[in-house]
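# Structural overview
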Amino acid sequence: MRTFTPVTALLALAPAAAAAPIQGLNVDLGANILFAPAPSASYGAASGQQGVWNPFPPALVPTPLLDLSGGSAGVTLFSDSSSSFTVFPSAMAPGEDQRLMEDFQITPNLNTLVTWTLEGLYDGPYTLFVYASDPTNAALQVEVGVPASGAPNQVVGGGWPGMHVPGVTFATFTVGVLGGTLEFTAEVVGGQLDSGVVNGFQLVPITVPPLGFTYCSSNPNSTGNVGFLGVSGSASVQDDLLRIEASELPPNAFAFVLASLTQGQVLNPGGSQGVLCLGGAIGRFNSLVGAADGAGFYSICTQGCPANRTFSLAAIPQPNGAIAAQPGDTWSFQAWYRDTSPGGAATSNFTSGFQLTFQ
């Protein structure tokens, strides 16, 4: 089981420079030779972050990187794989996109996991954009992961559709860096014999804290994945606009959401094979119990959901009756769902926990 430090805590611990542009990084993985050199500093790719691109021929030892202005970032990068490839003749129109996408680092075939490690970062919150698509092979898929984010791995692939598209040319992760180190991983999906590709990445500082943060993780469920809980919408109580969504659940598993003003960590409560990340008074959205869809998603929301999946911030369930969320309150949420043990016996499990401070 992994436990994650809330990014809100990182904001308090990090030095003032943690959110400064100097910690933004653009990296073009691959040989970066004549046919596909690194993009120019005016190129923002999918993130829009302009600045100097580091040409990074895969290195097994820490290699210094430049910041967006071209000065030393005080950050190093290394990988545990050293293979790269450059497309020739070109399959894309000449330009900045072609420079990023047509040279790449290779992840060996047959599900070999490759890791990239950044060291020397300021602690704080970031968004990581990872580009992982072969413009010559639309059938190739690569699974990208950022362990410290607590988020599920994301599959990327589909060639070059003419512009950057999430899930086709890149994946994004919100992550809190603690201790100056950040790792991300990639491997080809399934039993594909082709090698996987990673074209490059951008590390973008978050200067305005996101809606909320993952703060703990549970244990893998019968799918082999760890259930994940995400929250989107508005932190404003007045807006009453919030969506709580669980993913990576067993298909069609029954689930419901829990809520508490207190966090905790209880292993295998009530015979569950998961981890309860809540404490104190725990409320249950019992009236919104429902089955996940065939892809393992289950969600409830204040607006835009069916009536049997709709709630209000004015009535968050608690053991002694529903209470209203108030500005300044920090609530934590988690989903509890049906699962099966490795032996096939019926049991239950939990998603990761998510905390949100209302405004």
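See above for the structure.
A quick note: this is a predicted structure, and the numbers were derived from the prediction, not measured. (Residues numbered from 1 in each chain as written. Predicted model: local features only at pLDDT ≥ 70, side-chain atom pairs only at ≥ 80, totals over all residues. Heavy atoms only, no water.)

## Remarks on the overall build of the protein
Counting its regular elements, the protein contains two helices and 24 strands. Its C-alpha atoms give the protein a radius of gyration of 21 Å, near enough to 21 Å, the size a compact globule of 359 residues would have. Expressed along its principal axes, the backbone C-alpha trace of the protein runs to roughly 70 × 45 × 35 Å. Each of the 359 residues in the protein was classed as buried or not, and the buried ones make up 51%. With an accessible surface of roughly 14500 Å², the protein has 56% of that area assigned to carbon and sulfur atoms. Side chains of the protein give 6 positive and 21 negative charges; the mean places of these two sets differ by 16 Å. (Helix = DSSP H or I, 4+ residues; strand = E, 2+ residues; numbered from the N terminus. Rg over C-alpha atoms; globule rule 2.2 N^0.38 Å. Buried < 20%, exposed > 50% of the residue type's maximum accessible area, 1.4 Å probe, protein only. Areas by Shrake-Rupley, 256 points an atom, 1.4 Å probe, with all protein chains shown as cover. Lys, Arg positive; Asp, Glu negative; His and termini not counted. Charge placed at Lys NZ, Arg CZ, Asp CG, Glu CD.)

## As for the sheet that holds strand β12 (residues 181–188)
What the six strands build is an open sheet, ordered β3-β4-β7-β12-β9-β10; its pairing is antiparallel. Edge strands, defined here as strands with exactly one partner in the open sheet, are β3 (63–66) and β10 (154–156). Direction aside, neighbouring strands of the sheet carry axes that sit 30° apart on average. (Pairing = 2+ DSSP bridges. Axes fitted to C-alpha atoms, helices over the stretch in contact; angles between N-to-C directions.)

## Some thoughts on the pairing of strand β4 (residues 72–79)
Taken together, the three bridges between β3 and β4 define a ladder with antiparallel strand orientation. In the sheet register, Thr63 faces β4, and the bridge partner there is Leu77. Hairpin connection between β3 and β4: a loop of five residues separates the two successive antiparallel strands, and Gly70 in this loop has a positive phi of roughly 100°. Sheet topology note: the β4/strand β7 (residues 114–119) ladder contains four bridges and is antiparallel. Bridging from a neighbouring strand, Thr76 pairs with Glu119 of β7.

## As for the sheet that holds strand β21 (residues 298–301)
What the three strands build is an open sheet, ordered β16-β17-β21; its pairing is antiparallel. Of all the strands in the sheet, the pair left with one neighbour each is β16 (228–233) and β21. Each strand axis lies, on average, 15° off the axis of its neighbour in the sheet, ignoring direction. As paired strands, strand β17 (residues 242–247) and β21 are joined by four bridges and run antiparallel to one another. From the neighbouring strand, Arg243 faces β21, where its bridge partner is Cys301.

## Details of the pattern of salt bridges
Where charged atoms from two side chains of opposite charge come close, those side chains can pair. For the structure on display, the rule yields one salt bridge. With its nearest N and O atoms 3.6 Å apart, the salt bridge here joins Glu245 to Arg243. (Salt bridge = Lys/Arg side-chain N within 4 Å of Asp/Glu carboxyl O.)

## Here's the deal with the side chain of Ser299
Within the secondary structure layout, Ser299 lies in strand β21. If near-sequence neighbours (up to four positions away) are discounted, Ser299 is found in contact with Arg243, Ile244, Glu245 and Arg309. (Contact = heavy atoms within 4.5 Å.)

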